[in-house]
Amino acid sequence: MIGVTVLSWGQICQWNEGYFLDAADDMRLLRAKALQAQEDMESAQRGFVSQGETASAIRRHVDRLIGRLSGRVQVCSDVMMALADAADGAWSVRSKISDCQQYAEQTGVVLDSHTGEVDENTAELAAQASSEAEYRALYGPIQARRSAAAALRSMVEETLTLAQEVHDDLVTSLKKLGDLDPDDRRRQGSTTHSPGLPNLPKKDWSVTETATWWSTLSDKDKQWLVDYHPEVIGNRDGVEFAWREKANRKVLDRLIADYEQKYAAGKKFIDDMGSQPYAGPALAREVQRHYQVMTDAADKLSHLRAVQRTLNKTADSHLVTLDLSGHSPKAAIALGDMDKADHIGIFVPGMGTRVNDKMEDYVLDARNLSIKAKNVLIEAGESGSVVTVAWLGYDAPAALGEDNFYKVAGTGLAQAGAERLKSFAEGIEASQRHHSGHDGHLTVLGHSYGSTTSGLATATVKHGVVDDLVLFGSPGSGVQSVSEYNLTSGTPYVSAVPNGDIVQKLGTDHTFGKDPNLMPGFTHLSNDSPGGTPGWSLIGRHGTDTYMHENSQILEDMAAVVTGTYQGAKP
Amino acid sequence: MGEEVLVVDGDLPALSRSVRNTRENYDARQPGDPLAKAGRGMPHTLGGSLCQRVAGVLDAEWDELATSLEDFADAIDEAQDSMVTTDSDVASAFSSIVERVKPAQDVPAVRHSIPRMW
């Protein structure tokens, strides 16, 4: 029975994932030392060429010592991964505690920092009333307070439950470590490619665990993974982006070859059958099946070739996501070295985003933003590298008139996309911290439906990951109050052209969140742009050609936010 | 008369040097420090205090293996010094030295050392 100790709110408020992260990193170095010692002994054994009883006795002893060193490698590996898991858990707990504190502040209820008890604080409201009429008028606000208090109690309970799980997992890992003797540890680790650790990342690992595991691998191990398991590495958040790019390029080439072959085989079958007389329903069904394979292959090829074309024509482009699962293919292209970037801007497009017909345009938008941001840095007399990303990494609603267009009316796709975006952003943080010791300034820029996706992601992302948020042409912010965002800077930005954008504030407050253009707490960027499609257009001046037009003041302001140099007035 | 000594000249000193180098590299740091540090990330909890306790046990294991490496290098040196006329004599000398120092397989497992408090 592990959960014999029940954690208190006061206890978990003292948790600090930084200690676990540092300790996991120290343990990684220690593991490397033990592994080196084991390899040194193996090398010494190979160099020992004597024969006879003496030599045999010595060899037996060396074998035992190698085994014990291997056991130490296993211990270090186990402790390192347990600490990485605890670090990620403590990070999540700290983020949830902060969410609770923000919610209390936003709603006026009181959260006791020691006990976690929630006080409705209705006395404060009652004190404002001096007449019976005023008391009666307080009925609504008091009910709202009570609802907020109930909601906060659930949040506190949820946070304590998560903390208990994180704590008990750590205790279980340490207990398991104590239950294994050194020989068991050696056997456990002896069958893997990287001693003491699994060959491949486990499916349920967090980004911190993945980044910790990846940081123990040699370049040779990493190359082996890229060669033999590129589909596992290419989209795995927490893995270095330079290696993700190598893996995804390999997958891209392989998929293009596979689908070309499928298309050719289907076409040949249908062509061959075309010259034959009708041979019954069974053959007709077979023709139908081949036709389906052929059209599916053609569709996939259109997406894959768009990615390939964009990469070929864009300098310093890196394929950091490639995923054919889900409703439509997903991809993300970064313009520069993500692992060492000082400023990163993730551009999240919206409705109608399809890799096959939008990737080139959006990479061009990202390129415009990147060029502008670099100029802003030069003009400000500051140094630093800038990387922008065209992130087509989620299933966006279809464009007007297409099959799944109705999904634009709901936030289901935005919520699913927010999960993916959140993981991608946390992967950047974990990857930079583990692999280059960097902590780049990260801005998420969401357009249209992508702004709701970005808002929802920023409200649930771990603290310290997203520094700034820019929403433009937004149907809804994804939140009811800016305090729900987990932003390092604490200030989100919005841009909305004054007229002609029919998607702005289109969503209902309840589902899409409030209109960022009208919400208190948003900093308003310029709404001045020469771009957009004037005259008759179903979406009016909503497209990125309005907001990310290379000569617009809006783009200039976005570039200033991305580089952390924005000087305009804040609320 | 025992069989001929088959130990190649220079083999034992080379092995001894390698073992001592290994020991020095291996023993430069211990696992206790990181674990103790981790314990501060979750203060006043069972998990936090368990980090501290396991740190002590791992350090002891770490030390014990470092000592075994040192003793092994010493044993090789002594065997080299006491090299006599036959291989079986050298083997016997080596074995007696290894027996005299702590046997390699006699390692206290961590499970005996952590108080069962969960």
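Since the structure is predicted, the reported quantities are computational estimates derived from the model, not experimental observations. Throughout this document, residue positions are counted from 1 along each chain, in the order its sequence is written. Chains carry letters from A onward and ligands carry numbers from 1 onward, assigned in written order. With pLDDT at 70 or above as the cut-off, local features in this predicted model cover only qualifying residues; side-chain atom pairs require 80 or more to be listed or tallied, and sums for whole chains, interfaces and linings still use all residues. The basis for every side-chain value is the complete set of heavy atoms in the structure, and neither hydrogens nor water enter the calculation.

Caption draft 1: Representation of the pairing of strand β3 (residues 317-323) of chain A within the structure. Residue and element names in this part refer to chain A. Counting buried positions over the seven residues of β3 gives seven, a clear majority of the element. Pairing between strands requires that DSSP locate at least two bridges from one strand to the other. Helix and strand definitions follow DSSP, with helices as H or I runs of at least four residues and strands as E runs of at least two, each counted in order from the N terminus. Bridging between β3 and strand β4 (residues 330-335) involves six bridges; their strand directions are antiparallel. What sits directly across from L322, in β4, is A331. Note on exposure labels: buried denotes an accessible area under 20% of the residue type's maximum, exposed denotes more than 50%, and partly exposed covers the range between, all computed with a 1.4 Å probe on protein chains only.

Caption draft 2: Fine view of the interface of chain A and chain B. Here, residues are in contact when the closest pair of their heavy atoms is within 4.5 Å. The interface of chain A with chain B comprises 54 residues on the first partner and 54 residues on the second. By buried area we mean the combined loss of accessible area, with a 1.4 Å probe, across both parts when two parts are placed together. Summing both partners gives a buried area of about 5100 Å² for chain A against chain B, and 70% of it is carried by carbon and sulfur. We define a salt bridge as a contact between a side-chain nitrogen of Lys or Arg and a carboxyl oxygen of Asp or Glu at a distance within 4 Å. Here R72 of chain A makes a salt bridge to E61 of chain B, at a shortest N to O gap of 3.6 Å. Whenever two N or O atoms come within 3.5 Å, that pair is a polar contact, provided that in protein one can donate a hydrogen and the other can accept it, and provided that, for residues adjacent in sequence, both atoms are side-chain atoms. Summed over the shared surface of chain A and chain B, the result is nine residue pairs in polar contact (both at pLDDT 80 or more). Among the elements of the structure, α2 (17-47), α3 (53-107), α6 (139-179) and α7 (182-189) of chain A are those that each provide at least two residues to the side of chain A that touches chain B. Of the residues in the side of chain A that touches chain B, the class split is 30 nonpolar, 12 polar and 12 charged. For this scheme, ten residues count as nonpolar: Ala, Val, Leu, Ile, Met, Phe, Trp, Tyr, Cys and Pro. Four count as charged, namely Asp, Glu, Lys and Arg, and the remainder, Gly too, count as polar.

Caption draft 3: Just empty space enclosed by the protein, in detail. Residues and elements named next belong to chain A. In this analysis the probe radius is 1.4 Å and the grid spacing 1 Å, with only protein atoms considered; a cavity is a set of points the probe fits into but cannot get out of, a pocket is an open set with protein on both sides within 12 Å along at least five of seven lines, and lining residues have an atom within 4 Å of a point. Grid points are joined across faces, edges and corners, and a volume is the space filled by probe spheres set on the points. All told, the structure shown has six cavities of 30 Å³ or more when counted by the stated rule. By volume, the largest cavity amounts to about 50 Å³. Here the lining of the largest cavity takes three residues from helix α14 (residues 412-435), the largest share from any one element. In terms of residue class, the lining of the largest cavity is built from four nonpolar, three polar and two charged.

Caption draft 4: Molecular detail of the side chain of D168 of chain A. Residues and elements named next belong to chain A. Looking at the secondary structure, you find D168 in helix α6. The charge count treats Lys and Arg as positive and Asp and Glu as negative. His and the chain ends do not count. Although D168 is buried, it makes no salt bridge; K175 carries the closest opposite charge, 12 Å away. A distance of 3.1 Å separates polar atoms of two side chains, one belonging to D168 and the other to H167.

Keep in mind these numbers describe shape, not what the thing actually does.
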